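# Understanding the architecture of this molecule
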Amino acid sequence: MARDPYFDILFEPVKIGPVTTKNRFYQVPHSCSMGAAMPNTTAAMRGMKAEGGWGVVNTGLCSIHPTSDDLPYPYTRNWDEDDIKVNALMADKVHEHGALAGMELWHGGHQVSNLYSRENPLAAYSRTSATPDPIQSAIMDKSDIKRVRQWYVDAAIRAKTSGFDIIYVYATHNYVFVPFLSSKQNNRSDEYGGSTKNRVRLLRETIEETKNAVGDRCAVAVRFCADDGIIVDGKVQVEAEEQKEMMGLIADLPDLWDIGISSWSHEMGSSRFVKEAALEDYISYVKSITSKPVVSVGRFTSPNTMVSQVKRGIMDLIGAARPSIADPFLPKKIEEGREEDIRECIGCNMCFAHNWRCVPLSCTQNPTMGEEWRRNWHPEKIDPKKSDDTILIVGAGPAGMEAAMSLGKRGYHVLLSETERELGGRVIKESKLPTLSEWNRVAEYRSTQLKKLTNVETYPGSHLKAEDILEFNFPHVVLATGAFWRYDDFGFWNAQPTAKLTAKDKVFTPDDIIKGNMPTGRVMIFDDDHYYMGSVMAEKLIENGCQVDFVTTLNSSASWSECTAEHDMTQARLMKLGVNFIMAKTLKAFDGSKAILDCNYTGQKQEIAVDALLMVTCRIPNDALYHELVSQPEALSKAGIKSLVRIGDCLAPSTIARAVYAGHKFAREFDEPISGEVTFKREKQFLGI
Ligand code: ADP
Ligand code: SF4
């Protein structure tokens, strides 16, 4: 299919200094937590995006010197000659598909603790590290400033030798340049402090020296923020007088401006709080200041929005991190007129959670992310079937749908049955809860794909019992029947249910609320899950006129959502809605009119009058059907059933990402012999120098 001519503008080449990108699709630098220890994994992951049509593919943070050491967060490294060959792996992979490779050279300033290198962090001032370890930076004197500039130049030369085409000077997110640039942070009395010209001096010198060193063949990009870093009532303000003034002094010095905003959690805000193209109000002035190309982000998945951004002069290049993770082939799909095949990012920030937890990148929508090298998984290709066996899948949640779709793409004949009238399982139900509407895309994408597969039959509204399954004559049966929330207090904190809950009719779970079985009056949420469900439930109850007490066993509410950069916004939203937070308490009893809590530190008891209790603790696999079937080996054999397996929440209740992954892995490995071996390649460390 040919692409819609309306999207032609997205495929125009753009000149960036001495290099030219073939189109406007630009994978901005983003962390992948694969780091220096996993160069093959990184190269294959970035190379896949180039194969998928991105015109520019960048590294994530690439440290220029041991004084910029981010461990335990894994980062790419460019410290000396030994790193040239390692980093060339990625540049080569990206070049194989005609894309440009960019390296985000980075010095962390006071933000790092240098726990690995044990060097002193260096910054414009002496300030505590952002980790926050009780470690302070040393104040950079003139010779330190000179050294940092030289490290930039040396690293840029090595990047060029590795084959990179675009070299970044990273001047935002509070790393080394920001305390120099900011009038609020810079109190130096030398020529690097005071006037705007002085505060910009270090950045200007670094850009100039980097350009002098590599500018004959490489473009020099500057990552900069558009706002003045003022946050009022939880919202980044559009004020930007200081940034405009600074940018004005060096407007045409870089070859490219990569513009974001100062707050990470707003810049890559989750879809619960931040929608597509949300940076426009902040960045729209930048193109009026510079004649150089501008790139920015906005979780762009709609080609129409992308065209609009370019046509209205907001940006020249469509920057993407998450959309390129969820669908490395997004540009190719637009190019081929297959927009409906785009696997749209749902904005869950599970990718970022992996960075936060210091483990390789993973994605809810794209189960192949991070598996390109070690398992040789391709997001758009899958091996053809090895037999004519047919497969019955029971349950069309993310696990069942992904398994059906991927087996279908392999050519297998699959029957997918689902109790509910709509396919999607938990994502369909949860996406109807406050703030979660975009999660629906997990089901939408797979429904669209399933409709195209004539070898996959879907039966919504079809609840299967054990006797139905035995009658069907499918040699392979996969149960993807999901899980239920528990009514008791067994969870993260309690290894056994201990709370005395006597008024069972007034105890609810998220499944009740989703079904519309709502409590009334004052409701206590007991959250021992610590992710999004407790806070989403609080909002739903408040919508329905309830008053909410939010009890958590930990020291802060929804604490795991720190990993998805949602915690602060969640907390602010619930505070504004009038939720009463009670931290570090365990539920001991509820009798229908009052709840008794224990302080986790002192054991002191607290009694609170509430009308109902909503337990958000832990889930129980919905595996009764599985146990009923395995208890009848003779019937299974008579029915010709060769394999019976559970996947997704029905086996191990977890995140949506894990359920999709389980479905995908099952489909890939369905006809592989089961082995006890490690089934993926590992990056090998060699002894010796
Ligand atoms: P997962 O996240 O593992 O995919 P979900 O809970 O999202 O799990 O989806 C499980 C789906 O299985 C639900 O939509 C549920 O209605 C469906 N289901 C459960 N039992 C049966 C059954 N016996 N027959 C058909 N569908 C079922
Ligand atoms: Fe998007 Fe979620 Fe995938 Fe991240 S994990 S790219 S937010 S779908």
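My aim in this report is to walk through the structure given alongside it, one point at a time. Nothing here was measured: the structure is a model prediction, and the numbers come from that model.

So, on to the nonpolar core. Residues Leu10, Tyr26, Ile166, Leu203 and Phe224 are the most contacted members of the largest nonpolar core, which totals 97 residues. Looking at which element gives the most residues to this core, the answer is helix H3 (residues 142–162), with seven residues. In this structure, Ile166 is in contact with Ile16, Val19, Tyr26, Val56, Leu100, Ala101, Gly102, Met103, Ala219 and Ala221, ignoring residues within four places of it in sequence. Core analysis: the next-biggest nonpolar cluster, separate from the first, contains 60 residues, Ile391, Val478, Trp485 and Phe666 among them.

With that settled, consider the site of ligand 2. Around ligand 2, the surrounding shell holds 13 residues, and the nearest of these are Cys345, Cys348, Asn349, Cys351 and Cys363. Because more than half of its atoms lie within 2 Å of the grid, ligand 2 is assigned to the second largest cavity. Contributing elements (two or more residues each) for the shell around ligand 2: helix H11 (322–326) and helix H13 (350–356). Counting residues per element, the shell around ligand 2 draws most heavily on H11, which supplies three residues. Looking at the shell around ligand 2, its residues break down into eight nonpolar, four polar and one charged.

A word on the sheet that holds strand E27 (residues 594–599). One open sheet holds the four strands; their spatial order is E21-E26-E27-E28, and the pairing between them is mixed. Since the sheet does not close on itself, it has two edges, and those belong to strand E21 (500–501) and strand E28 (605–609), each with one partner. Where strand E26 (residues 585–590) and E27 come together, five bridges link them in antiparallel fashion. Opposite Lys585, over in E27, you have Cys599 as the bridge partner.

Across all of its chains, the model carries 21 aromatic pairs by this definition. Relative to Phe25, the ring of Phe11 lies with its centre 5.2 Å away and its plane at 55°, an arrangement referred to as tilted. Of this pair, Phe11 sits in the segment before strand E1 (14–16) while Phe25 sits in strand E3 (residues 25–27), placing them 14 residues apart in sequence. Of the two residues, Phe11 and Phe25, neither departs from the other in class, the shared state being buried. Where Phe550 meets Phe581, the ring centres are 5.6 Å apart and the plane angle is 55°; that geometry is what we call tilted. Placement of the pair is Phe550 in strand E24 (residues 547–552) and Phe581 in strand E25 (residues 580–582), with a sequence separation of 31 residues. Accessibility assignment for this pair places Phe550 and Phe581 in one class, buried. Among the aromatic side chains, those forming a connected cluster through ring pairs are Tyr75, Trp79, Trp106, Tyr116, Tyr170 and Tyr175. Here the basic side chain of Arg223 rests over the ring of Tyr170, its NZ or CZ set 5.4 Å away from the ring centre.

Around ligand 1 sit 23 residues, and of these Ala399, Glu418, Arg426, Leu464 and Asp649 come closest. Separating a nitrogen atom of ligand 1 from a side-chain N or O atom of Thr419 is a distance of 3.0 Å. Residue Leu464 places a main-chain N or O atom 2.9 Å away from a nitrogen atom belonging to ligand 1. Considering ligand 1 on its own, with 580 Å² of exposed area, one finds that the protein chains cover 93% of that surface. Of all elements in the fold, only helix H14 (398–410) and strand E17 (413–418) reach the threshold of two or more residues within the shell around ligand 1. Of the residues in the shell around ligand 1, the class split is eight nonpolar, 11 polar and four charged.

Backbone hydrogen bonds hold the strands of a sheet together, and the pairing may be parallel or antiparallel. The strand order E22-E29-E23-E24-E25 describes an open sheet built from five strands, whose pairing is parallel. Edge strands, defined here as strands with exactly one partner in the open sheet, are strand E22 (507–508) and E25. Pairing analysis gives six bridges linking strand E23 (residues 522–527) to E24, with the strands arranged parallel. From the neighbouring strand, Asp527 faces E24, where its bridge partner is Thr552.

Looking now at empty space enclosed by the protein. Within the structure shown, the criterion is met by five cavities of 30 Å³ or more. Computed from the structure, the largest cavity encloses a volume of approximately 110 Å³. Around the largest cavity sit Gly35, Ala36, Pro39, Thr42, Ala43, Thr59, Thr76, Arg77, Val86, Asn87, Leu89 and Met90, which together line it. A class-by-class count of the residues in the lining of the largest cavity yields six nonpolar, five polar and one charged. By volume, the second largest cavity is sized at about 80 Å³. Looking at the lining of the second largest cavity, the element that brings in the most residues is H11, giving three residues.

Buried residues of helix H6 (residues 241–249): Glu242, Gln243, Met246 and Met247, and no others. The buried residues of H6 occupy an angular sector of 125° when the element is viewed end-on, so they sit on one face. Contacts made by the buried residues of H6 are with helix H4 (178–181), helix H5 (196–214), strand E10 (219–225), strand E13 (256–260) and helix H9 (286–289).

A word on the packing of H14 against helix H16 (residues 441–452). At a closest axis distance of 10 Å, the pairing of H14 and H16 adopts a crossing angle of 30°. Put simply, H14 runs roughly parallel to H16. Every pair of crossing elements has a handedness; the one defined by H14 and H16 is left-handed. Residues Pro398, Met401, Glu402, Ala404, Met405 and Lys409 of H14 pack against Val442, Ala443, Tyr445, Arg446, Ser447, Gln449 and Leu450 of H16. Its residues placed into classes, the contact of H14 with H16 shows eight nonpolar, two polar and three charged.

What counts as what
- Residues numbered from 1 in each chain as written.
- Chains lettered and ligands numbered in written order.
- Predicted model: local features only at pLDDT ≥ 70, side-chain atom pairs only at ≥ 80, totals over all residues.
- Heavy atoms only, no water.
- Core = buried A, V, L, I, M, F, W, Y, C linked by side-chain atoms within 4.5 Å.
- Buried < 20%, exposed > 50% of the residue type's maximum accessible area, 1.4 Å probe, protein only.
- Helix = DSSP H or I, 4+ residues; strand = E, 2+ residues; numbered from the N terminus.
- Contact = heavy atoms within 4.5 Å.
- Near = heavy atom within 4 Å.
- 1 Å grid on protein atoms, 1.4 Å probe; cavity = no way out; pocket = protein on both sides within 12 Å on 5 of 7 lines; lining within 4 Å.
- Sits in = over half its atoms within 2 Å of the grid points.
- Nonpolar A, V, L, I, M, F, W, Y, C, P; charged D, E, K, R; others polar.
- Pairing = 2+ DSSP bridges.
- Phe/Tyr/Trp six-rings, centres within 6.5 Å; stacked < 30°, edge-to-face > 60°.
- Lys NZ or Arg CZ within 6 Å of the ring centre and 35° of its normal.
- Polar contact = N/O pair within 3.5 Å; in protein donor to acceptor, adjacent residues only side chain to side chain.
- Areas by Shrake-Rupley, 256 points an atom, 1.4 Å probe, with all protein chains shown as cover.
- Points joined across faces, edges and corners; volume = space filled by probe spheres on them.
- Arc of directions from axis to C-beta.
- Axes fitted to C-alpha atoms, helices over the stretch in contact; angles between N-to-C directions.
- Parallel < 35°, antiparallel > 145°, perpendicular 65-115°, else oblique.
- Left-handed = near helix turned anticlockwise from the far one by under 90°.

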